Amino acid sequence: MKISIGTSTLELAEGDISKQQADAIVNAANAQLSGGGGVDGAIHRAGGPTIMAECRKIGGCPTGQAVATNAGMLEAEKVIHAVGPVYSDGSQGEPELLASAYEHAFSLAAELGLKTIATPSLGTGAYGYPMEDAARIAVSTAIDFLRENPGVERIRFVLMGSEALNVYRRALEEAAPTQRLKLPGHD
Ligand code: AR6
(Lines give C-alpha, C1' and ligand atoms only; values in the text may rest on other atoms or scores of the structure.)
Protein backbone atom coordinates (compact mmCIF):
# COMPACT_ATOMS: atom_id res chain seq x y z
CA MET A 1 0.00 0.00 0.00
CA LYS A 2 1.25 3.40 -0.97
CA ILE A 3 -0.04 6.95 -0.69
CA SER A 4 1.28 10.25 -1.98
CA ILE A 5 1.92 13.20 0.28
CA GLY A 6 2.83 16.11 -1.93
CA THR A 7 5.63 14.74 -4.09
CA SER A 8 6.65 12.17 -1.47
CA THR A 9 5.44 8.64 -0.85
CA LEU A 10 4.44 6.75 2.28
CA GLU A 11 4.54 2.99 1.81
CA LEU A 12 3.67 -0.11 3.81
CA ALA A 13 5.40 -3.38 3.03
CA GLU A 14 5.80 -6.78 4.63
CA GLY A 15 9.37 -8.00 4.98
CA ASP A 16 12.69 -8.01 6.77
CA ILE A 17 14.06 -4.54 7.48
CA SER A 18 17.65 -5.77 7.19
CA LYS A 19 17.07 -6.74 3.54
CA GLN A 20 15.77 -3.34 2.46
CA GLN A 21 17.39 -0.98 0.03
CA ALA A 22 17.06 2.61 1.21
CA ASP A 23 19.30 5.60 1.94
CA ALA A 24 18.49 5.25 5.65
CA ILE A 25 17.45 2.11 7.52
CA VAL A 26 16.00 2.73 10.97
CA ASN A 27 16.97 0.34 13.77
CA ALA A 28 14.78 -0.39 16.82
CA ALA A 29 17.66 0.16 19.25
CA ASN A 30 18.03 0.38 23.03
CA ALA A 31 19.39 3.36 24.95
CA GLN A 32 22.77 1.64 25.40
CA LEU A 33 23.05 0.95 21.64
CA SER A 34 24.24 -2.46 22.80
CA GLY A 35 22.37 -4.61 20.28
CA GLY A 36 19.77 -7.24 21.03
CA GLY A 37 17.12 -9.37 19.34
CA GLY A 38 14.40 -8.57 16.83
CA VAL A 39 15.21 -5.76 14.41
CA ASP A 40 18.42 -4.85 16.25
CA GLY A 41 19.73 -8.41 15.96
CA ALA A 42 18.80 -8.68 12.28
CA ILE A 43 20.45 -5.35 11.41
CA HIS A 44 23.73 -6.09 13.18
CA ARG A 45 23.84 -9.64 11.78
CA ALA A 46 23.27 -8.52 8.22
CA GLY A 47 25.27 -5.31 8.46
CA GLY A 48 28.39 -6.70 10.12
CA PRO A 49 30.62 -5.43 12.94
CA THR A 50 31.35 -1.88 11.72
CA ILE A 51 27.89 -0.76 12.87
CA MET A 52 28.46 -1.96 16.45
CA ALA A 53 31.95 -0.45 16.47
CA GLU A 54 30.42 2.96 15.76
CA CYS A 55 27.61 2.39 18.29
CA ARG A 56 30.25 1.74 20.97
CA LYS A 57 32.02 4.99 20.14
CA ILE A 58 28.76 6.94 20.37
CA GLY A 59 28.01 5.19 23.65
CA GLY A 60 24.23 5.59 23.91
CA CYS A 61 21.09 7.43 22.90
CA PRO A 62 18.27 8.71 25.14
CA THR A 63 14.82 7.19 24.75
CA GLY A 64 12.80 9.12 22.18
CA GLN A 65 15.89 10.15 20.21
CA ALA A 66 18.07 8.77 17.42
CA VAL A 67 21.70 8.59 16.27
CA ALA A 68 23.26 7.66 12.92
CA THR A 69 26.05 5.20 12.11
CA ASN A 70 27.48 3.62 9.01
CA ALA A 71 25.36 0.88 7.44
CA GLY A 72 28.10 -1.72 7.03
CA MET A 73 27.07 -4.30 4.47
CA LEU A 74 23.43 -3.25 4.36
CA GLU A 75 22.07 -1.75 1.16
CA ALA A 76 21.89 1.69 2.75
CA GLU A 77 24.01 4.77 3.39
CA LYS A 78 23.25 5.02 7.09
CA VAL A 79 21.58 3.17 9.91
CA ILE A 80 19.55 5.46 12.13
CA HIS A 81 19.29 3.93 15.60
CA ALA A 82 16.03 5.09 17.18
CA VAL A 83 15.10 4.30 20.76
CA GLY A 84 11.43 3.73 21.48
CA PRO A 85 9.93 3.58 24.98
CA VAL A 86 9.55 0.43 27.04
CA TYR A 87 5.76 0.22 27.26
CA SER A 88 4.25 -0.02 30.71
CA ASP A 89 0.62 1.19 30.72
CA GLY A 90 0.53 4.01 28.21
CA SER A 91 0.43 6.76 30.84
CA GLN A 92 4.19 7.08 31.31
CA GLY A 93 4.77 9.32 28.29
CA GLU A 94 4.98 6.36 25.91
CA PRO A 95 2.97 7.96 23.05
CA GLU A 96 5.10 11.12 23.07
CA LEU A 97 8.33 9.14 23.32
CA LEU A 98 7.36 6.85 20.45
CA ALA A 99 6.41 9.82 18.22
CA SER A 100 9.63 11.54 19.25
CA ALA A 101 11.76 8.51 18.32
CA TYR A 102 10.28 8.53 14.81
CA GLU A 103 10.56 12.33 14.48
CA HIS A 104 14.21 12.30 15.54
CA ALA A 105 15.00 9.41 13.19
CA PHE A 106 13.31 11.03 10.19
CA SER A 107 14.79 14.48 10.94
CA LEU A 108 18.28 13.06 11.29
CA ALA A 109 17.94 11.33 7.92
CA ALA A 110 16.77 14.60 6.35
CA GLU A 111 19.68 16.53 7.93
CA LEU A 112 22.07 14.00 6.43
CA GLY A 113 20.54 14.56 3.00
CA LEU A 114 19.06 11.05 2.84
CA LYS A 115 15.98 10.83 0.68
CA THR A 116 14.56 7.35 1.21
CA ILE A 117 13.90 5.83 4.63
CA ALA A 118 12.91 2.29 5.62
CA THR A 119 11.70 1.86 9.18
CA PRO A 120 10.38 -1.02 11.27
CA SER A 121 7.51 -0.71 13.72
CA LEU A 122 9.42 0.73 16.68
CA GLY A 123 8.53 -0.48 20.15
CA THR A 124 6.11 -3.25 19.19
CA GLY A 125 8.35 -6.26 19.90
CA ALA A 126 10.48 -6.62 23.02
CA TYR A 127 9.32 -3.19 24.27
CA GLY A 128 5.67 -4.27 24.27
CA TYR A 129 3.88 -1.33 22.65
CA PRO A 130 0.38 -2.44 21.56
CA MET A 131 0.46 -2.64 17.76
CA GLU A 132 -2.78 -0.71 17.04
CA ASP A 133 -1.74 2.27 19.14
CA ALA A 134 1.84 2.20 17.88
CA ALA A 135 0.69 2.01 14.25
CA ARG A 136 -1.53 5.09 14.63
CA ILE A 137 1.36 7.07 16.12
CA ALA A 138 3.88 5.82 13.55
CA VAL A 139 1.68 6.59 10.55
CA SER A 140 0.55 10.03 11.70
CA THR A 141 4.11 11.02 12.62
CA ALA A 142 5.35 9.94 9.18
CA ILE A 143 2.54 11.82 7.41
CA ASP A 144 3.22 15.00 9.37
CA PHE A 145 6.94 14.71 8.69
CA LEU A 146 6.54 14.22 4.93
CA ARG A 147 4.18 17.18 4.70
CA GLU A 148 6.82 19.40 6.30
CA ASN A 149 9.89 17.85 4.67
CA PRO A 150 9.40 17.45 0.92
CA GLY A 151 13.16 16.71 0.55
CA VAL A 152 12.49 13.22 1.91
CA GLU A 153 11.03 11.30 -1.00
CA ARG A 154 9.90 8.11 0.65
CA ILE A 155 9.21 6.56 4.02
CA ARG A 156 8.52 2.82 3.92
CA PHE A 157 7.28 0.95 6.97
CA VAL A 158 8.60 -2.59 6.76
CA LEU A 159 6.39 -4.84 8.85
CA MET A 160 7.01 -8.39 9.96
CA GLY A 161 3.99 -10.55 9.12
CA SER A 162 0.64 -9.97 7.46
CA GLU A 163 -1.07 -9.20 10.78
CA ALA A 164 1.19 -6.22 11.44
CA LEU A 165 0.79 -5.09 7.84
CA ASN A 166 -3.01 -5.16 8.22
CA VAL A 167 -2.88 -3.15 11.43
CA TYR A 168 -0.75 -0.51 9.72
CA ARG A 169 -3.02 -0.53 6.67
CA ARG A 170 -6.03 0.22 8.84
CA ALA A 171 -4.11 2.99 10.64
CA LEU A 172 -3.16 4.54 7.30
CA GLU A 173 -6.73 4.35 6.01
CA GLU A 174 -7.94 6.03 9.19
CA ALA A 175 -5.28 8.76 9.05
CA ALA A 176 -5.59 9.53 5.36
CA PRO A 177 -8.89 11.47 5.27
CA THR A 178 -8.16 13.52 8.39
CA GLN A 179 -4.72 14.44 7.03
CA ARG A 180 -6.28 15.68 3.76
CA LEU A 181 -3.76 13.78 1.70
CA LYS A 182 -3.10 14.39 -1.94
CA LEU A 183 -3.84 11.03 -3.53
CA PRO A 184 -2.38 10.31 -6.95
CA GLY A 185 -4.40 12.07 -9.63
CA HIS A 186 -6.40 14.13 -7.13
CA ASP A 187 -4.62 17.43 -6.84
N1 AR6 B 1 12.25 -6.80 10.05
C2 AR6 B 1 11.12 -6.09 10.28
N3 AR6 B 1 10.43 -6.12 11.44
C4 AR6 B 1 10.90 -6.93 12.42
C5 AR6 B 1 12.08 -7.71 12.27
C6 AR6 B 1 12.76 -7.63 11.01
N7 AR6 B 1 13.88 -8.32 10.79
N8 AR6 B 1 12.29 -8.39 13.44
C9 AR6 B 1 11.29 -8.05 14.28
N10 AR6 B 1 10.44 -7.17 13.67
P11 AR6 B 1 11.79 -5.24 18.27
P12 AR6 B 1 11.37 -2.93 20.08
C13 AR6 B 1 9.24 -6.49 14.23
O14 AR6 B 1 11.71 -6.20 19.40
O15 AR6 B 1 10.05 -3.46 20.51
C16 AR6 B 1 15.97 -5.26 20.89
O17 AR6 B 1 16.52 -6.29 21.63
C18 AR6 B 1 8.65 -7.06 15.48
O19 AR6 B 1 7.68 -8.03 15.14
O20 AR6 B 1 12.85 -5.45 17.26
O21 AR6 B 1 11.53 -1.49 19.76
C22 AR6 B 1 16.70 -3.93 21.07
O23 AR6 B 1 18.06 -4.11 21.35
C24 AR6 B 1 8.04 -5.84 16.14
O25 AR6 B 1 6.72 -5.57 15.63
O26 AR6 B 1 11.98 -3.72 18.79
C27 AR6 B 1 15.96 -3.31 22.22
O28 AR6 B 1 16.48 -3.73 23.45
C29 AR6 B 1 8.93 -4.69 15.70
O30 AR6 B 1 9.68 -5.19 14.60
C31 AR6 B 1 14.56 -3.80 22.06
O32 AR6 B 1 14.64 -5.03 21.35
C33 AR6 B 1 9.87 -4.18 16.77
O34 AR6 B 1 10.37 -5.26 17.55
C35 AR6 B 1 13.69 -2.86 21.24
O36 AR6 B 1 12.38 -3.32 21.25
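In what follows, the structure referred to is the one given above.
Residues numbered from 1 in each chain as written. Predicted model: local features only at pLDDT ≥ 70, side-chain atom pairs only at ≥ 80, totals over all residues. Heavy atoms only, no water.

1. Considering the side chain of T9
Then, number 1: Take T9: it is sitting in strand β2 (residues 8-14).
Then, number 2: Its relative accessible area of 18% is what places T9 among the buried residues.
Then, number 3: Look past the residues within four positions of T9 in its chain and what remains in contact with it is K2, I3, L146, E153, R154 and I155. (Helix = DSSP H or I, 4+ residues; strand = E, 2+ residues; numbered from the N terminus. Buried < 20%, exposed > 50% of the residue type's maximum accessible area, 1.4 Å probe, protein only. Contact = heavy atoms within 4.5 Å.)

2. Side note on the site of the ligand
Then, number 1: Close to the ligand lie 22 residues, the nearest being V39, D40, G123, T124 and G125.
Then, number 2: In this structure, an oxygen atom belonging to the ligand sits 2.6 Å away from a side-chain N or O atom of D40.
Then, number 3: Within the backbone of A126, one N or O atom sits 2.8 Å away from an oxygen atom of the ligand.
Then, number 4: Summarising the interface, the protein chains cover 87% of the accessible area of the ligand, which totals 700 Å² for the free molecule.
Then, number 5: According to the grid-proximity analysis, the pocket containing the ligand is the largest pocket.
Then, number 6: For the shell around the ligand, the leading source of residues is helix α1 (residues 38-47), giving four residues. (Near = heavy atom within 4 Å. Polar contact = N/O pair within 3.5 Å; in protein donor to acceptor, adjacent residues only side chain to side chain. Areas by Shrake-Rupley, 256 points an atom, 1.4 Å probe, with all protein chains shown as cover. 1 Å grid on protein atoms, 1.4 Å probe; cavity = no way out; pocket = protein on both sides within 12 Å on 5 of 7 lines; lining within 4 Å. Sits in = over half its atoms within 2 Å of the grid points.)

3. Thoughts on the layout of surface pockets
Then, number 1: In this model, the largest pocket occupies a volume close to 560 Å³.
Then, number 2: A28, G38, V39, S121 and G125 are the residues nearest the centre of the largest pocket, which is lined by 27 residues in total.
Then, number 3: Of all the secondary-structure elements, those providing two or more residues to the lining of the largest pocket are β3 (24-29), α1 and β7 (154-159).
Then, number 4: With four residues, α1 is the largest single contributor of residues to the lining of the largest pocket.
Then, number 5: Per-class residue counts for the lining of the largest pocket are 15 nonpolar, 10 polar and two charged. (Points joined across faces, edges and corners; volume = space filled by probe spheres on them. Nonpolar A, V, L, I, M, F, W, Y, C, P; charged D, E, K, R; others polar.)

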